[in-house]
Amino acid sequence: MQADNKIAFFLPSRENGPIGGYKIVYEYANRFAEAGYDVSIIYPLCQAEYVNEPWSVFTRLKRYAGFYYRRLRGVHSLNHTAAWFDLNPRIKKVLVFGFTDFFVRKLKTAKVVATALRTAYELAAVTSIPEKNKFYFIQDFEAWGVSDEVVYESYRLPLKKITIAPWLQERVRCVGQDAVLVPNGFDFEYFKLTNPIEARCPTEVAMLYHKDDRKRCVDSMAALERVKEEIPELHVTMFGTPEKPDTLPDWYTYHQCPDRETHNAVYNNAAIFVAASKAEGMALPPAEAMICGAVLCCTDIGGFALYAIHDKTALLSPVFDVESLAHNIITLIKDDSLRTRLAKAGNEYIRQFTWEKAFSMFRNAIEG
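Here the structure is a predicted model, which is why all the values come from computation and not from measurement. (Residues numbered from 1 in each chain as written. Predicted model: local features only at pLDDT ≥ 70, side-chain atom pairs only at ≥ 80, totals over all residues. Heavy atoms only, no water.)

1. Observations regarding the overall build of the protein
Move 1: Within the protein, the secondary structure is distributed over 14 helices and 13 strands.
Move 2: Taking 368 residues into account, the globule formula puts the C-alpha radius of gyration at 21 Å, and the protein, at 22 Å, falls close to it.
Move 3: For the protein, the spread of C-alpha atoms along the three principal axes comes to 70 × 40 × 40 Å.
Move 4: The proportion of buried residues among the 368 residues of the protein is 53%. (Helix = DSSP H or I, 4+ residues; strand = E, 2+ residues; numbered from the N terminus. Rg over C-alpha atoms; globule rule 2.2 N^0.38 Å. Buried < 20%, exposed > 50% of the residue type's maximum accessible area, 1.4 Å probe, protein only.)

2. Examining the environment of Ser360
Move 1: Along the chain, the position of Ser360 falls in helix H14 (residues 355-367).
Move 2: It is 9.7 Å that separates the C-alpha atoms of Ser360 and Arg31, two residues lying 329 residues apart in sequence.

3. Some words on unusual backbone geometry
Move 1: Of note, the phi angle at Arg216 is positive, near 50°, even though the residue is not glycine.
Move 2: Relative to the elements of secondary structure, Arg216 occurs in the loop between strand E8 (204-208) and helix H8 (217-230).
Move 3: Even without being glycine, Phe320 reaches a positive phi, approximately 75°.
Move 4: Among the secondary structure elements, Phe320 is positioned in the loop between strand E13 (314-317) and helix H12 (322-334).

4. With respect to the pattern of salt bridges
Move 1: Enumeration according to the criterion identifies 21 salt bridges in this entry.
Move 2: Here Asp311 makes a salt bridge to Arg341, at a shortest N to O gap of 3.2 Å. With Asp311 in the loop between helix H11 (302-305) and E13 and Arg341 in helix H13 (residues 336-349), the pair connects residues that are 30 residues apart, well separated along the chain. (Salt bridge = Lys/Arg side-chain N within 4 Å of Asp/Glu carboxyl O.)

5. Notes on the packing of helix H1 (residues 20-34) against H14
Move 1: Between H1 and H14, whose axes approach to 11 Å, the crossing angle comes to 80°. Comparing their axes, H14 and H1 come out roughly perpendicular. Contacts between H1 and H14 involve Ile24, Glu27, Tyr28, Arg31 and Phe32 on the former and, on the latter, Trp355, Ala358, Phe359, Phe362, Arg363 and Ile366.
Move 2: Of the residues that constitute the contact of H1 with H14, the class distribution is eight nonpolar, no polar and three charged. (Axes fitted to C-alpha atoms, helices over the stretch in contact; angles between N-to-C directions. Parallel < 35°, antiparallel > 145°, perpendicular 65-115°, else oblique. Contact = heavy atoms within 4.5 Å. Nonpolar A, V, L, I, M, F, W, Y, C, P; charged D, E, K, R; others polar.)

6. Re the environment of Trp355
Move 1: Here Trp355 is to be found in helix H14.
Move 2: Taking the relative accessible area as the measure of exposure, Trp355 reaches 3% and is therefore buried.
Move 3: Residues Trp355 and Asn30 lie 325 residues apart in sequence; the distance between their C-alpha atoms is 11 Å.
Move 4: Once residues within four sequence positions are removed from consideration, Trp355 is found in contact with Ile24, Glu27, Tyr28, Arg31, Gly185, Phe186 and Asp187.
Move 5: Within polar-contact distance, the side chain of Trp355 engages the backbone oxygen of Gly185 at 3.3 Å. (Polar contact = N/O pair within 3.5 Å; in protein donor to acceptor, adjacent residues only side chain to side chain.)

7. Observations regarding the pairing of strand E1 (residues 6-10)
Move 1: Counting buried residues along E1, four of its five residues qualify, which places the element largely inside the surrounding structure.
Move 2: As a crossover connection, the stretch from E1 through H1 into strand E2 (residues 38-44) is right-handed.
Move 3: Here four bridges tie E1 to strand E4 (residues 111-114), and the two strands are oriented parallel to one another. The partner of Ala8 across the bridge, within E4, is Val112. (Right-handed = clockwise from strand over helix to strand, strands pointing away. Pairing = 2+ DSSP bridges.)

8. A word on the sheet that holds E13
Move 1: The sheet built from six strands is open, its strands ordered E10-E9-E8-E11-E12-E13 with parallel pairing. What marks the edges here is a single partner per strand, and that holds for strand E10 (252-256) and E13. Ignoring which end each strand starts from, the neighbouring axes of this sheet average 20° apart.
Move 2: Across the sheet, H8 is in contact with E8, strand E9 (235-240), E10 and strand E11 (272-275); its angle to E8 comes to roughly 165°.
Move 3: The sheet contacts of helix H9 (residues 260-269) involve E8, E9, E10 and E11, and relative to E9 the element is tilted by about 150°.

Here it is, written out as structure tokens:
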């Protein structure tokens, strides 16, 4: 394997279940492996700040030895990491104590992609990897527990930036930097339209359930309560990774971690898909629903903007405006010709976002 055919993705932590940002990284990793690259996915046990603590030599040796001993015993294991995703078996999953020069010295000839805010700072601090081989894959504006300026400062790091949405590209540009725009691709083999759009019951609605406040599931559910008051026949199918909420009304059906068949059935049974997020990178579930023929009723944010165009492929409402969201849902339920027109237009429009196109653009950005 030639040195320039090595690529590594650095993720901020191990995971034990589906995460949208990780899914995108795993998709790219698979495609690089299929293209003949030597691919590694690196997971750190500890943050670089912890690894670089001014310990004594004895303490440092004890901590490192303990890490490798526990990894050998299977305590620190990657057995369950990416278990939910069909990862190419040629891809190496590597657990390191921390992302520092000592632990990643074998990557000095590889293209290395930081995939989150913390990993961008850590990659920038590594001196054994040439700057020309350092990349920052920006999937969201990660001001979670940090100030906006910390995020903007990460955009100034000497890393080549790639991002998934125009609104994020503009955030990078506002600090005098630039980023290559590579919109996410979607799997048109995994998600398919199997139930004719015209044949769907207009009162069947679907939505994602998530505990992250940025998804504003409380707003979606509040809007659906208003719809239910006017249209008693309304039924909602909800899915997500958390357990079923205790207070879910009996006119909801909930699927926790649905398999492929169930996931497709949820989207194909729905006439309308609702999403009330206040912030997203480039959200996956609304687009997946469009692939399966549901019409999108969502908030007007950058994370939906690539595929949700008001009165062309979707109906949009302002963030936090529960009344407007409810009004749009009711409009789609009562106006079947509008619902059908938007659903068909959305289904056609989303088909431009293929993984083949996304990978070609991403690979070009990496190879320069």
